[in-house]
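Geometric and topological summary
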Amino acid sequence: MSTVANMKNKTETREGYKKTELGWLPKEWAEINLGSLCQVTAGGTPSTTKAEYWGGHIPWMNSGEINLKQIYDVAGRITKLGLDNSSTKLLPKNCVLIALAGQGSTRGKVAINRIELCTNQSIAAYIVSSNNLDFEFLYHNLASRYNELRLISSGNETRGGLNLTILRSVKIYLPPLPEQEKIAEILSCWDQAIETMEKLLAAKIRLKKTLTKKLLVPKPHWVEKMLGDVLDYEQPTKYQVKEVEDFLKDKIPVLTANKSYIIGSTSDKEGIYKKGSCIIFDDFTTDTKYVDFEFKIKSSAIKILTAKPGYNIKFIFELMQNINHPIGGHKRHYLSEFQYMTLILPELEVQDKIATIVSCFNHNINLYGQNLELIKNQKKGLLQKLMNGSIRVKFKE
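Since the structure is predicted, the reported quantities are computational estimates derived from the model, not experimental observations. (Residues numbered from 1 in each chain as written. Predicted model: local features only at pLDDT ≥ 70, side-chain atom pairs only at ≥ 80, totals over all residues. Heavy atoms only, no water.)

1. Description of the confidence of the model for the chain
In this model, the chain carries an average pLDDT of 82, and 77% of its residues clear a pLDDT of 70 or more. Ranking the elements of the chain by mean pLDDT puts strand β16 (residues 262-265) last, at 42, and strand β10 (residues 118-119) first, at 98. Under a pLDDT of 50 for its full length, residues 1-11 has, in the predicted model, three contacts with residues more than four places off or in other chains. (pLDDT = per-residue confidence, 0-100. Helix = DSSP H or I, 4+ residues; strand = E, 2+ residues; numbered from the N terminus. Contact = heavy atoms within 4.5 Å.)

Laid out in structure tokens, this is it:
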């Protein structure tokens, strides 16, 4: 047998595992369609023209609330009359909910309802009906397959949607029930750690906002200035950058109009670079970001703001967070519309001191945010390995 043939055989056999469309999985894991393990149903919306259908005591969930993941309460309430006169259904506790539609990131996301509730028509529910499937395992399994679920949606990627037929046909590879339960237990511990870190981060952000609000209370000697008096406005002239896949070369961040999110880096030398502290202004949303590193612009919706002499850019940025922009609808809100808005500022020395204090809080918040992302990524990696059997867990028979 040739060396090539030997190599091929090695890649196509793996002791104790079988080749599936999802890759190599343990041989004892069963391949089953979810439709044979679960009742699959969708919700509905009572007529919004019937006041008597709304404001009752029955929880009613909309698709945006899928992001809560663990559903202990929802904002909506319907009456028994609304339930009886619509296609929505009262779901038992511990269903695995999945968002059917959405042009953004919602479609394909999953959650578990910890209370009895109804949902709208954009949410389907897997009601586990088999003793061989643990609902917590199902939740984590589908959470690990977010991209797969979006790809199998009917229609194109942005406007497509899942439906009950698709959901019933989704295949799941099942370990023995005790192994399912152990996997779910491990992943639930990670979820609790993530939830704790999210609460700590939220507390840090609230503390920073409270402190900043107190520090920025104007004193009698502070001077009123217009935004245009303290900031210089720069309109980028070039926006030529390569695609995201080419951004990982020289570590030069590229900023987009999507909340000035840093999406990568590029070695492309065309376009505009900026060094030194500045504020990025997105004229579609009036969102602002403070930037103190070299970067590159991708979108014409982003404008660059720098402080004029005698003003601290970090201090100005914190003041700008308190401006109530008269924004309405998805249209451009040019900085010229805001240049006459007023700010009340102290002398430069005080600006510098306040900016230093706030920067310490921001640094602490950033560290918590980085740790949170680290935990999420670690959990994501573990989730994938547990779901494909490359890491096995011990469990009692």
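2. Looking at the nonpolar core
Within the largest apolar cluster, 31 residues are counted, with the highest numbers of intra-cluster contacts made by Leu34, Tyr126, Leu133 and Leu138. For Tyr126, the contacting residues outside a window of four places in its chain are Leu34, Cys38, Gln39, Val40, Cys95, Val96, Ile98, Leu138, Leu142, Leu167 and Val170. (Core = buried A, V, L, I, M, F, W, Y, C linked by side-chain atoms within 4.5 Å. Buried < 20%, exposed > 50% of the residue type's maximum accessible area, 1.4 Å probe, protein only.)

3. Focus: the environment of Cys38
Here Cys38 shows up in strand β4 (residues 38-42). Residue Cys38 is classed as buried on the basis of its relative accessible area, which comes to 6%. For the pair Cys38 and Cys95, spaced 57 residues apart in the sequence, the C-alpha separation amounts to 9.6 Å. Sequence-distant contacts of Cys38, that is, excluding residues within four places in its chain, are made with Tyr126, Ile127, Val128, Ser129, Leu133 and Leu138.

4. Remarks on the environment of Cys95
Residue position: Cys95 is located in the loop between α2 (80-84) and β8 (96-99). Taking relative accessible area as the criterion, Cys95 reaches 1% and is therefore assigned buried. Separated by 33 residues in the primary sequence, Cys95 and Val128 have C-alpha atoms spaced 7.0 Å apart. Ignoring anything within four residues of it in the chain, the contact list for Cys95 reads Ala111, Ile112, Asn113, Ala125, Tyr126 and Ile127.

5. Things to note about the sheet that holds strand β5 (residues 54-61)
The sheet built from three strands is open, its strands ordered β7-β5-β10 with mixed pairing. Of all strands in the sheet, those with a lone pairing partner are β7 (76-78) and β10, marking the two edges. With two bridges connecting them, β5 and β10 associate as parallel partners. Each bridged residue has a counterpart across the sheet, and for Trp60 the counterpart in β10 is Cys118. (Pairing = 2+ DSSP bridges.)

6. A closer look at unusual backbone geometry
Of note in the backbone geometry, Lys69 takes a positive phi value of approximately 70 degrees without being a glycine. As for its placement among the helices and strands, Lys69 is situated in the loop between β5 and β6 (70-71). A positive phi angle, near 65 degrees, is found at Asn94, a position not held by glycine. In this structure, Asn94 sits in the loop between α2 and β8.

7. With respect to the sheet that holds β4
Taken together, the five strands give an open sheet; going across it, the order is β4-β11-β8-β9-β6, and neighbouring strands pair in mixed fashion. If you trace the sheet from one side to the other, it starts and ends with β4 and β6, each paired once. The sheet contact formed by β4 and strand β11 (residues 123-128) spans five bridges and is antiparallel. If you follow Gln39 over to β11, its bridge partner there is Ile127. Running over the sheet, helix α3 (residues 135-143) touches β4, β6, β8, β9 (110-113) and β11 and is turned about 160 degrees from β9. (Axes fitted to C-alpha atoms, helices over the stretch in contact; angles between N-to-C directions.)

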